[in-house]
Amino acid sequence: MMLEILPFSFEINTVAIAGASLWSLALYLAFSNLRDKVTDLLDRWFNFAEGFLYTSKEEFEKTRKARESQNAFYASVFSIVPFLIFGAIANWLLDLGLGGSWGISTGILACMGCGVYELGRRDGQSEE
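Rules used in this analysis
Residues numbered from 1 in each chain as written. Predicted model: local features only at pLDDT ≥ 70, side-chain atom pairs only at ≥ 80, totals over all residues. Heavy atoms only, no water. Core = buried A, V, L, I, M, F, W, Y, C linked by side-chain atoms within 4.5 Å. Buried < 20%, exposed > 50% of the residue type's maximum accessible area, 1.4 Å probe, protein only. Contact = heavy atoms within 4.5 Å. Salt bridge = Lys/Arg side-chain N within 4 Å of Asp/Glu carboxyl O. Helix = DSSP H or I, 4+ residues; strand = E, 2+ residues; numbered from the N terminus. Expected span 1.5 Å × (residues − 1). Arc of directions from axis to C-beta. Phe/Tyr/Trp six-rings, centres within 6.5 Å; stacked < 30°, edge-to-face > 60°. Lys NZ or Arg CZ within 6 Å of the ring centre and 35° of its normal.

## A short note on the nonpolar core
In terms of nonpolar packing, the biggest core is built from seven residues, these being Trp23, Ala26, Leu29, Leu94, Ala110, Cys111 and Cys114. The contacts of Leu94, once residues within four sequence positions are left out, are Trp23, Gly99, Trp102, Gly103 and Thr106.

The following block contains the structure:
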């Protein structure tokens, strides 16, 4: 796919983007404990870092509930980034080892398998 918006042209490999996205989703579903730890770590870091933006302790405490909710949302969104990186690496390794279209097909299989695993894990947690 060629983009001709800019005076120079470059190609976007849509197969690589699709494969990396599928592998990212599979890794995100498979490593739920790591996902929760990354989200909690980012949430704590956002709350800590935002404390330096306020000079008044009263203003800081007055807006605490809204800021913590917003930081939890941002932490949840940014916790996807490590999985995108490792999904892209997994897709790249599959492209090197097996060829171009294997990243997508094995990514779909990994997503289905990890989705079934996640459903079983949550069902097991709800029975406890």
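## Here's the deal with the pattern of salt bridges
For the coordinates displayed, the defined rule picks out five salt bridges. One salt bridge in this structure joins Glu118 and Arg121, with 2.7 Å as the shortest N-O distance. In this pair, Glu118 and Arg121 are both assigned in helix α6 (residues 102-127), three residues apart and thus about one turn of the helix distant. Of the two residues examined, Glu118 and Arg121, each falls in the buried class. One salt-bridge network, held together by shared partners, links Arg35, Asp36, Glu118, Arg121 and Arg122.

## As for helix α4 (residues 64-78)
With 15 residues, α4 ought to run about 21 Å at 1.5 Å a step, and its terminal C-alpha atoms sit 21 Å apart, in line with that. If you check which residues of α4 are buried, you get Arg67, Asn71 and Ala75. Buried residues of α4 fall within an arc of 70 degrees about the axis and therefore sit on the same side. Of the residues in α4, the exposed ones pointing more than 90 degrees away from the buried face are Lys65, Ala66 and Phe73. Where α4 is buried, its residues contact α2 (32-50) and α3 (57-62).

## What to know about the packing of aromatic side chains
The tally for this structure, following the rule as stated, stands at four aromatic pairs. Consider the rings of Tyr28 and Phe83, whose centres lie 5.3 Å apart with planes at 85 degrees: the pair is edge-to-face. Taken together, the positions of Tyr28 in helix α1 (residues 14-30) and Phe83 in helix α5 (residues 81-97) put the pair 55 residues apart, joining distant regions of the chain. Residues Phe46 and Phe78 carry aromatic rings whose centres are separated by 6.0 Å and whose planes lie at 65 degrees to one another, so their mutual orientation is edge-to-face. You can see Phe46 sitting in helix α2 and its partner Phe78 sitting in helix α4, a full 32 residues away along the chain. Using a relative accessible area of 17% as the deciding quantity, one classes Phe46 as buried. Through a chain of ring-to-ring contacts, three or more aromatic side chains come together here, namely Trp45, Phe46 and Phe78. Lying across the ring of Tyr28, Arg35 places its NZ or CZ 4.7 Å from the centre.

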